[in-house]
Each structure stands twice: as structure tokens, then as C-alpha cells.
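Examination of the molecular architecture
Here's the letter readout for the chains.
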Amino acid sequence: MGARHHSGQALVVVLAFTAAMLGGFVLVFNSGQSVNEKARMVNAADAAAYSAALWEARALNFQSYMNRAIVANEVAIAQFVTLRSWSRYMEQNIRNVSVVTAWIPGIREALQALDKLWTGIDRVLQRTSPVAETALSHWNVNALAFAQVLAHQQAPITAGEIASEVARANRPDADLSTGARMFALVNGTHWLNSITAKYRHGESELARFKDVVMRSRDGFTAQRNWNPVSLGVVGARKRGGTDLIGEYSWRGMDTLAAHVDLGVTRQEIPLAWNAAENRHHPQTGRGVHGGSFRTNPRTSRLAQRTFVPASGYLGLPEIRDIDQPALQKDLRLRYVVELREAAEHIATADRALPQVAIALPDGRAIDPAPHWQQDSMFAVSAAEIYFRRPVERADGRREFPSLFNPYWQVHLASVEGADRALAAPTKGLAVDPYAVLP
């Protein structure tokens, strides 16, 4: 009788234990699914942030290549101007020597033939070189500089599209959250205003770029100097060079003069001279031209008065470069992405068993279903664009960021408290709880 009275008690305990085990299993399963889904979301956000930042780094490198191409074309223009000046100078030299040696048989005929040949070459140079100079200048201003502007303006738009496409490719159910749109605005603002700047004509804004161009000239273009004769009190001085005058003119000059030093006085006797120029409009300044004005001042003035300038040059192009490069700062640019995935796409047990609960000994029940902020899961990732040479410089000096060398790279970066705090209001929070942690 007593045994029959207690026969159902074990079943109650087993059922209660089974329910608890089932609830615990659901809790563990939901936690595992949430962790796995969070990891997938973070990976997708990392890929999106990295890809978008990589596009912006490539845009910076593209602008660097454009600057390098512009410098190369400016040097080519200087070389054409150099050939025109030097060719006309050589023609005058040959003609002068022909006059002096006209009484010497054999040499006279040879120099006359050389003069005729050089005159033909010079005519071709004087006719074709200005066309090439003008074409290169128009290519610099209307193609390369314009492509640089376009790349700068379109980079944040394209980066945002890439971030969205990469995120969806990795997590088809994820989308960019409201916070992501705020980050997109911040990313775009930082891109447009924080690293690079437009350098325009006037007020010496292009002084650094002009210096880069002038330093890039080859030796013959920059300076054509030698002393062909030096006999005691009598000597000859050849001076010449091609310089960028202001921002709107390439001018080359070549002069040769005899110098007689009589102790009390010095005499300069012009022997040969010429100059060439391609300009947008007349310039008031003058170049160094290998020290021509200092060594052969009289001959240089003759050269300056006798040449006829071409007028197809558009001037030094307005370019983009690092903002305030003289500060030599280690500039970096962050790109932050936030992804959102609705809870309904996360395969937790409550989707199949919505009524499952964990019963506590005191009679209360715990719902094991995860509770999401705004019924969604979020993931925030950041990438950083930085400047670093692939190999160290040969002189061992540190190279600071610029838009003349395409060394912009990308790596993933830690999400900062400021990033989370920016996204918190979009989730109905005053402050993201993770933002206050060290």
C-alpha cells in the first residue's frame, strides 16, 4: 500500500529535470548561435571596412601617380623649350664660326654645309616643339589634373558602395544600419577635408610643387654651362638653363660671351645667344638660366630681347597634395562600418520553439531567447589608411606622407570608444556601454 502511494513521485522529478535540461540546452544553443553569428557579422564588417579603405588608399595612390605624370610632362615641356633655345643658339654659333673661317678652304665648305643642315633641323624644331609643348600642357591640365579631381570626389561615394556590396556578399541578410549612414557621413567628411588639399594658383600655394618640378629637371635642362676658352686675361663663358618663371612660363636661355679682364675694367663681348619660351601670359620675373644673367649680363639681355615666345602653355596645373606638408605629420585616415542583421534571420531555438522556458526552483521561469537591441544584431569594424614605404630609403631618412609617392596602405584597426559612442544614439542609447571602457 505504501509503495503504491509513492509510485508517481519519481516521474515528476524526471519531468522537472528534463524540462530544466531542455531549457539549459536551448540557452547554450542560443548562446552558441549568437556567438557564431556575431563572429560572422564581425568578419563581414571587417571585410567591408577593409575593402572600402583599400579603395580610398588606391584613390590616394592614383592621385600620386597623376602628380608624378604631371611632373614628368612638365619636365618634358622644359626639355622641348631647351631644345629650341639650344638649337637656335647653336645655329648662330655655327654661322659666326663660318664667317670667321670663310677664308680657310675646306673648313669653309664644311661649315657652310653644317650650317645649312642645322638650319633645316632648327626650322623643324621651332615649328613642331611648341605644338608638343602645348599638347603636353593641355594634357596635364585638362586630363591628368581633372582625373585627379574626379578620383578625389568619387572616392568616398565608391567606397561606400563597395562597403555595402562586400557586406552583402558575406552576409546576404545583413544591411547597413542607421549608424552606418552616420559613419558614412563621417568617413566622407574626413576624406574630403582631413588629409589632402587643393593647391591653386597665386599666393605661392604651388611653391612646393614648383620646387618638385624644378628639382626633377635633367642636368642639361637645368644647367648648360662650360668655359670653352681661358687664356690669361681672355676667356669665354657659356651659360644656359631652362627655368619655370612664376607659374605660367617655361623659358630657356643660352649665351656665350668672351670676357677680357684688363685689371681696371672688364669687357663682355657677346658671341652667341638665344632663348625660347612657352607661356600663358607675360611674366615679370626672370630665371637663373645657369647663372647667365650673373656671368653674361649683356649677352643675356640680348637674348631676352630677341626671342619670340610661344603662347600655348596653360601654366603649372593645380594639384592635390597633403594638407600642410611642412608639418611632417604621420597622417592616417580611418574608415568605420557598422552592419545590422535582423534577429529573425538568426537561427536561434526560439524561432522553432517559442514557448521554451527554464523553470527555477522558486517557481519563476527564464526565457532563454536572446534579447536584441532594436531586435537586431550589430557589428562595428574599422580600417586605417596609412603611408609607409615598402622598403627603407637608401639614405636612411624617414619619408612622411605625400601625394607624390604611391605608398598608401591599409590595415584593420581597433574600434574606438568614440566610434561606438557615435552609433549609440541610433540604437536608443544615450551612451554605448562599451564606449566607457578603457
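Before going into details, it helps to say that this report is about the structure given with it. (Residues numbered from 1 in each chain as written. Predicted model: local features only at pLDDT ≥ 70, side-chain atom pairs only at ≥ 80, totals over all residues. Heavy atoms only, no water.)

Structural notes on the overall build of the protein chain
When helices and strands are counted, the protein chain shows 9 helices and 12 strands. Of all 438 residues assigned to the protein chain, the portion counted as buried reaches 43%. With the model as given, the accessible surface of the protein chain reaches about 23,300 Å², and the carbon-plus-sulfur share is 59%. (Helix = DSSP H or I, 4+ residues; strand = E, 2+ residues; numbered from the N terminus. Buried < 20%, exposed > 50% of the residue type's maximum accessible area, 1.4 Å probe, protein only. Areas by Shrake-Rupley, 256 points an atom, 1.4 Å probe, with all protein chains shown as cover.)

Here's the deal with a positive patch on the surface
A cluster of basic side chains, namely Arg286, Arg298, Arg301 and Arg305, defines a positive patch on the protein surface. What makes arginine 298 partly exposed here is its relative accessible area of 44%. (Patch = residues over 30% accessible without salt bridge, like charges linked within 9 Å, V, L, I, M, F, W, Y side chains within 5 Å. Salt bridge = Lys/Arg side-chain N within 4 Å of Asp/Glu carboxyl O. Lys, Arg positive; Asp, Glu negative; His and termini not counted. Charge placed at Lys NZ, Arg CZ, Asp CG, Glu CD.)

Things to note about helix H8 (residues 297–306)
Burial in H8 covers these residues: Thr299, Ser300 and Ala303. Each buried residue of H8 lies within a common arc of 100° when the element is viewed along its axis, so the set occupies one face. (Arc of directions from axis to C-beta.)

Some words on the packing of aromatic side chains
Tallied over the entire structure, the rule returns 5 aromatic pairs. Where phenylalanine 387 meets tyrosine 407, the ring centres are 5.8 Å apart and the plane angle is 55°; that geometry is what we call tilted. Within this pair, whereas phenylalanine 387 is found in strand E11 (residues 376–387), its partner tyrosine 407 is found in the loop between E11 and strand E12 (408–413), the two being separated by 20 residues in sequence. In this structure, phenylalanine 387 and tyrosine 407 share a single accessibility class: buried. Taken together, the ring pairs in this structure connect Trp86, Trp118 and Phe220 into an aromatic cluster. Positioned over the ring face of tryptophan 226 is lysine 238, at 5.3 Å from the centre of the ring. (Phe/Tyr/Trp six-rings, centres within 6.5 Å; stacked < 30°, edge-to-face > 60°. Lys NZ or Arg CZ within 6 Å of the ring centre and 35° of its normal.)

As for the sheet that holds strand E3 (residues 226–231)
Overall, antiparallel pairing links the 4 strands, which are arranged E3-E4-E5-E6 in an open sheet. Of all strands in the sheet, those with a lone pairing partner are E3 and strand E6 (266–279), marking the two edges. Across the sheet, the mean angle separating the axes of adjacent strands is 10° when strand polarity is ignored. By the bridge criterion, 13 bridges tie strand E5 (residues 249–261) to E6 in an arrangement that is antiparallel. When the bridges of E6 are listed, leucine 256 appears paired with alanine 272. Against the sheet, H8 touches E5 and E6, its axis set at about 35° to E6. (Pairing = 2+ DSSP bridges. Axes fitted to C-alpha atoms, helices over the stretch in contact; angles between N-to-C directions. Contact = heavy atoms within 4.5 Å.)

Nothing here speaks to function; it is geometry throughout.
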